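# Overview (structure and organization)
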Amino acid sequence: MEIIYLMIPMALILVGLIVWIFFWSVRSGQFDDLEGPAHEVLMDDDDTRNKKTEARTEKTDS
Amino acid sequence: MCCKGCEAVAQAIVDNGLDEFYRHRTENAPTGQELVPEFLRQARAYDHPQVQKTFVHVESDSVREASLILEGITCAACVWLNERHISALPGVLEVNVNYATHRARVKWDNTRIQLSQILEAVHNIGYVAHPYDPSHQERLIENERRALLKRLGVAAVLGMQVMILAVSMYAGDYYGMEVEFRSFFSWISLGITLPILLYSAAPFYRAAWRDLTHWQTGMDVPVSLGISIAFAGSAWATWHQSGHVYYDSVAMFVFFLLTARYFELVARKRAAEAGQALVHATPAVAIRMTVDGSKVQEETVTVAELVTGDRVMVPPGDTVPADGEVIEGRSSVDESLLTGESDPVGKQPGDTVVGGSINFESPLIVQISRTGEDTVLASILRLLDRAQTEKPAVSRLADRTAAWFVLGVLILAGMTAIYWLQHDPERWLPVLVSVLVVTCPCALSLATPTALTAATGGLTRLGLLVTRGHALETLARTNRFIFDKTGTLTLGKLRVLETHSLAQTDDASLLTIAATLESRSEHPIARAICTAVATPPARIDNVTSTPGSGVSGEIDGDNWWIGNAAFVQQQSGTAIDPETIASLHAGGRTVVWLANRAGVQAAFVLGDELRPGAASLVQYLYSTGKAVTLLTGDHELAAQAAASHLGITDARWNQTPDSKLAYVRAAQQRGDIVAMVGDGVNDAPVLAGAHLSIAMGSGAHIAAANADVLLLSQQLPHLVTATQVAKKTMRIIRQNLAWAVMYNLVALPLAAMGYVAPWMAAVGMSASSLLVVTNALRLTRQKKTGNT
């Protein structure tokens, strides 16, 4: 059972790593819009200009 | 020396023989100027009239009003504290804080207090106030959301570790566990819980501390107390290697509470969104046209730079930057944001346009007449803001109860702890923690404003502006609706209702002749006849008009007359059958006669048309058991005609504003809750006398109309929606309050008797607040489906 003395610290290091990654992802705005990216995959054209106007009309619609 | 204080200090230093200090110091001490915190120096800038122009509304010479955002509001107690603190300042006339939007509306006397002093006072009690600026507020909410998400993430990930260890320890209780491992697990749990306590739970402590330093008890006080006691008790048990540890409860409680807060934040944001749409209506930049000698120059300027008299160019697809008058170009604009009406409105030179409307077809050149806080859009926003910051009676009661409730809980918790210490010292800690944690005063204070903000915001999108906090509550209780006729149930504009051909010519060509005769006249009757005809007027010569009687002219070589009966008979030399005259004039209608040399050719009956939807509104009101009364200054025939068309059984005519008011008073004395619906301009005293005043509002009248509800869309059926929404809002508020009372009545005794483990208390309390907020949010969801 002494292995626990190694495993728990290792788990803690892992948790620290996860928290760090989570902070980074919040900071980089990955949690800002949880709905948009799901729809993005359905949009065919990759022309950024078109996307902008689309986003605009969507806004005024709602 | 900058002040007496410094002089005294310097004197003291020299007197004590410490003047060596001045010889050896390497740099000057910061002066008073530098010690003024950056914040305050910024606040001073807000006193400048030029800076105030963008966010302060000047009501009269010295009375000003501004919208501020408050940072650091976490519960109803904060709202209460801010309101009390600011209103205690001399010179502050009125202050209202909206919990849902975190906005404060402050009215002050500029000769007695400066805005910076108000900001400073807020700063002194631990909050930060900024002038309201939509983009700034959005950034604040966004930052708050990110910070909360991080705290939530930490609580979740670390909480899971604590749970894993806790489960092993629970298992150890049954199957046996070496003391060495138990102790190790406890210490590790303590280490993991510490960041949850110090980082994730920090906002609770901060809020609780602020409450306590001001002798307040907010809902953060029992929360902080609960987790601190649970943690301290566990740490003591860990150190002494005896007794139970509750790290898992602490972690779980913080996690649940943060989750509830996170959803609440998102909900608050969503509830405030409808009003936000208006804020974003005005663009940031405009194209200003300046005449430089003979050529016209276009330059892009920010909207804030525009002043009255500037000419701006509005290309199709762009938003009109401020109120003004069209001086060049023809187009149609979409004013739906302000009126809820989605059909574009035609505009030509001379017409007024309001800032925030969208130009559709072709470029318009607009001369700006009002900017900044004076625009129609700004006054709508101000009214909406006022409605959302004013609290209805039910909400005020809840706020007051919440503060006492928390105090009661603290006392009860103390008594419970004493009782258990005497009877079962083993269990006093978990029971105390449960009592502190299980109570949920949030439903009392938090759900009401959320529901109200969501409801008023949704109605605004329909073109129905609620301007008073009590309006929805009163509307739900109203049992008598009193309508004014002209301009309210009717359009208030003359229209050709009937065409009677007295010769063998068809109606359409007679109307065309009439319109041709009247085409040069600006008289309301002439306008009504002209708008009834689609074809453009024919050629006409020798037009002469006799004011008050009629017009004559020559069309295709034939002489025609149009006007009242006497004029037409005299000019054409023919008599009209008196019976025809009498029958057409029946019901007090306006009749215009058309004649040529051959005799009288036609009669046009003009009248005020009923507003579309008026009948269905009246029908709806009757079907829901409300009393409906028609009060009009018009004569009997006109009043009865309108009443019978609409199905109103109770009509009163020849009313003066005074007698209308007397009628409203009498109805109120009989115990009726009276809503008066009027056009807002002529009915001001009656509107003011009713419990609830509803006015038709459009354009520039908005600021002047002193009504509780403004029907910007001028669509009567929207009142049906409004009554339904009002009822639903009140129902949801009642449900929430009932839930809050019931939950606390059941949960508190159970917890005090020791039937609720700390972790159950954590789940119960968080679930209860979530339930209440989600219930309030139903208001936004329903509205959207009903709207489209």
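Read on for a plain summary of the structure. (Residues numbered from 1 in each chain as written. Chains lettered and ligands numbered in written order. Predicted model: local features only at pLDDT ≥ 70, side-chain atom pairs only at ≥ 80, totals over all residues. Heavy atoms only, no water.)

Moving on, we come to the interface of chain A and chain B. On the chain B side, the residues contacting the 16 residues of chain A number 18 residues. Of the roughly 1,700 Å² buried where chain A meets chain B, counting both sides, 75% is carbon and sulfur surface. The largest contributions to the chain A side of the interface with chain B come from Tyr5, Ile8 and Phe23 of chain A, which together make up 29% of the buried area. Linking chain A to chain B there are 0 salt bridges. Residue composition of the side of chain A that touches chain B, grouped by class: 13 nonpolar, 1 polar and 2 charged. (Contact = heavy atoms within 4.5 Å. Buried area = accessible area lost by both parts, 1.4 Å probe. Salt bridge = Lys/Arg side-chain N within 4 Å of Asp/Glu carboxyl O. Nonpolar A, V, L, I, M, F, W, Y, C, P; charged D, E, K, R; others polar.)

Here we come to the side chain of Arg64 of chain B. Its place among the elements puts Arg64 of chain B in strand 2 (residues 63–71). Discounting residues that sit within four places of it in the chain, Arg64 of chain B has contacts with Gln52, Val56, His57, Val58, Val106, Lys107, Trp108 and Asn110 of chain B. (Helix = DSSP H or I, 4+ residues; strand = E, 2+ residues; numbered from the N terminus.)

The next point concerns the pattern of salt bridges. Residues and elements named next belong to chain B. Inspection of the entire model under this criterion finds 10 salt bridges over all chains. Linking Glu94 and Lys107 is a salt bridge whose minimum nitrogen-to-oxygen distance equals 3.6 Å. You can see Glu94 sitting in strand 3 (residues 92–98) and its partner Lys107 sitting in strand 4 (residues 103–109), a full 13 residues away along the chain. Residue Glu94 is classed as partly exposed on the basis of its relative accessible area, which comes to 30%. The class for Lys107 is buried, based on a relative accessible area of 17%. For Asp484, the salt bridge goes to Lys660, with nearest N and O atoms at 3.1 Å. (Buried < 20%, exposed > 50% of the residue type's maximum accessible area, 1.4 Å probe, protein only.)

As a further point, take the packing of aromatic side chains. Evaluation of the coordinates by the stated rule reveals 11 aromatic pairs over all chains. Their ring planes at 65° and their centres at 5.5 Å tell us that Phe22 of chain A and Phe31 of chain A sit as a pair that is edge-to-face. The class for Phe22 of chain A is buried, based on a relative accessible area of 18%. Relative to Trp420 of chain B, the ring of Tyr419 of chain B has its centre 5.9 Å away and its plane inclined at 85°; by these criteria the two rings are edge-to-face. Taking the relative accessible area as the measure of exposure, Trp420 of chain B reaches 9% and is therefore buried. In this structure an aromatic cluster arises from ring pairing among Tyr5 of chain A together with Phe181, Phe184 and Phe185 of chain B. Positioned over the ring face of Phe23 of chain A is Lys150 of chain B, at 5.2 Å from the centre of the ring. Sitting above the plane of the Tyr199 of chain B ring, Arg151 of chain B keeps its charged end 5.1 Å from the centroid. (Phe/Tyr/Trp six-rings, centres within 6.5 Å; stacked < 30°, edge-to-face > 60°. Lys NZ or Arg CZ within 6 Å of the ring centre and 35° of its normal.)

All names here are of chain B. Across the sheet, which stays open at both edges, the 7 strands sit in the order 15-27-26-25-16-23-24 with mixed pairing between neighbours. Because the sheet does not close on itself, it has two edges, and the strands there are strand 15 (464–466) and strand 24 (650–652). Neighbouring strand axes in the sheet, compared pairwise and without regard to direction, differ in orientation by 20° on average. Inspection of the sheet shows strand 23 (residues 627–631) paired to strand 24 by 3 bridges, in the parallel sense. Within the sheet, the bridge partner assigned to Leu630 lies in strand 24 and is Ala651. Contacts from helix 26 (residues 657–669) reach strand 16 (480–484), strand 23, strand 24 and strand 25 (674–678), with the element oriented near 175° to strand 16. (Pairing = 2+ DSSP bridges. Axes fitted to C-alpha atoms, helices over the stretch in contact; angles between N-to-C directions.)

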